[in-house]
Amino acid sequence: MSKEITDKIYHAFDEMSQRNTRPRRLIAERLVELANNGDDFTTDDLWQELRAVDPKIGRATVFRSIEKMADKGLLDRIEFADGTHHYRICGGSHHHHLTCTQCHRVVEVDLCLPADQIHAIGDQANFEIEGHSLALFGRCETCRS
């Protein structure tokens, strides 16, 4: 991941609070590692990993931080067919995700509906479309074997 993403993560944490606490630093550092590796994660898994470093880190602190980062658009929430979700730092360009229904593998896809089709859907339903998310589910090659 680029230095730009790293800077955005640290900047978002600076904006969230005046206090630069150890838990917030640990969360930010781990998010940078996950971004650099291109890994997705659950909030609970992240909390468990951070507890290994700092047993006193609060679950609510981790969960609130992740929700705020997602609200700021720095994390993508990836929905799975079974109703669970993971988060991933993707970098900001518009894209969607294809997820495996068996192993939860995530692939970023640069595929989108044409703008005229999105507008037509809005017109048909009498909605002003403000954004969209396309969820694609299936089984990856490894799980089909």
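Just so it is clear, the structure is predicted and the values come from calculations on it, not from any experiment. (Residues numbered from 1 in each chain as written. Predicted model: local features only at pLDDT ≥ 70, side-chain atom pairs only at ≥ 80, totals over all residues. Heavy atoms only, no water.)

With that out of the way, let us pick up the packing of aromatic side chains. Counting across every chain of the model gives 1 aromatic pair. Taken together, a centroid distance of 6.1 Å and an interplanar angle of 35° make the contact between Phe-41 and Tyr-87 tilted. Of this pair, Phe-41 sits in strand E1 (residues 40-41) while Tyr-87 sits in strand E3 (residues 85-88), placing them 46 residues apart in sequence. In this structure, Arg-59 is placed above the aromatic ring of Trp-47, and the distance from its NZ or CZ to the ring centre is 5.9 Å. One residue, Arg-59, lies across the ring of Phe-63, its end atom 4.2 Å from the ring centre. (Phe/Tyr/Trp six-rings, centres within 6.5 Å; stacked < 30°, edge-to-face > 60°. Helix = DSSP H or I, 4+ residues; strand = E, 2+ residues; numbered from the N terminus. Lys NZ or Arg CZ within 6 Å of the ring centre and 35° of its normal.)

This part is about the environment of Cys-90. Within the secondary structure layout, Cys-90 lies in the loop between E3 and strand E4 (96-100). Taking the C-alpha atoms as reference points, Cys-90 and Leu-74, separated by 16 residues in sequence, lie 7.7 Å from one another.

What follows deals with the sheet that holds E1. Here 3 strands make up an open sheet; going across it, the order is E1-E3-E2 and the pairing antiparallel. Lying at the two open borders of the sheet, with one neighbouring strand each, are E1 and strand E2 (76-79). By the bridge criterion, 4 bridges tie E2 to E3 in an arrangement that is antiparallel. Bridge pairing in E3 places Arg-77 opposite Tyr-87. (Pairing = 2+ DSSP bridges.)

Another aspect to go through is the UniProt feature "binding site: Fe cation" (unreviewed entry) in the chain. Here, UniProt's "binding site: Fe cation" (unreviewed entry) annotation points to His-94 and His-132. Taken along the chain, the residues just named run across 39 residues; in space they keep tight, none of their C-alpha pairs more than 10.2 Å apart. Within the annotated group, the residues that form the lining of the largest pocket are His-94 and His-132. Counting through the fold element by element, His-94 comes out in the loop between E3 and E4. Ignoring any residue separated from it by four or fewer positions in sequence, one finds His-94 in contact with Asp-110, Cys-112 and His-132. One polar contact links His-94 to His-96, side chain to side chain, over a distance of 3.3 Å. You can see His-132 is positioned in the loop between helix H5 (115-125) and strand E6 (135-138). Non-local contacts of His-132, meaning those with residues more than four positions away in its chain, are made with His-94, His-96, Cys-112 and Ile-118. Among the polar contacts listed, one links the side chain of His-132 to the side chain of His-94, at a separation of 3.2 Å. (UniProt positions renumbered as here; feature names shortened; annotations may be inferred. 1 Å grid on protein atoms, 1.4 Å probe; cavity = no way out; pocket = protein on both sides within 12 Å on 5 of 7 lines; lining within 4 Å. Contact = heavy atoms within 4.5 Å. Polar contact = N/O pair within 3.5 Å; in protein donor to acceptor, adjacent residues only side chain to side chain.)

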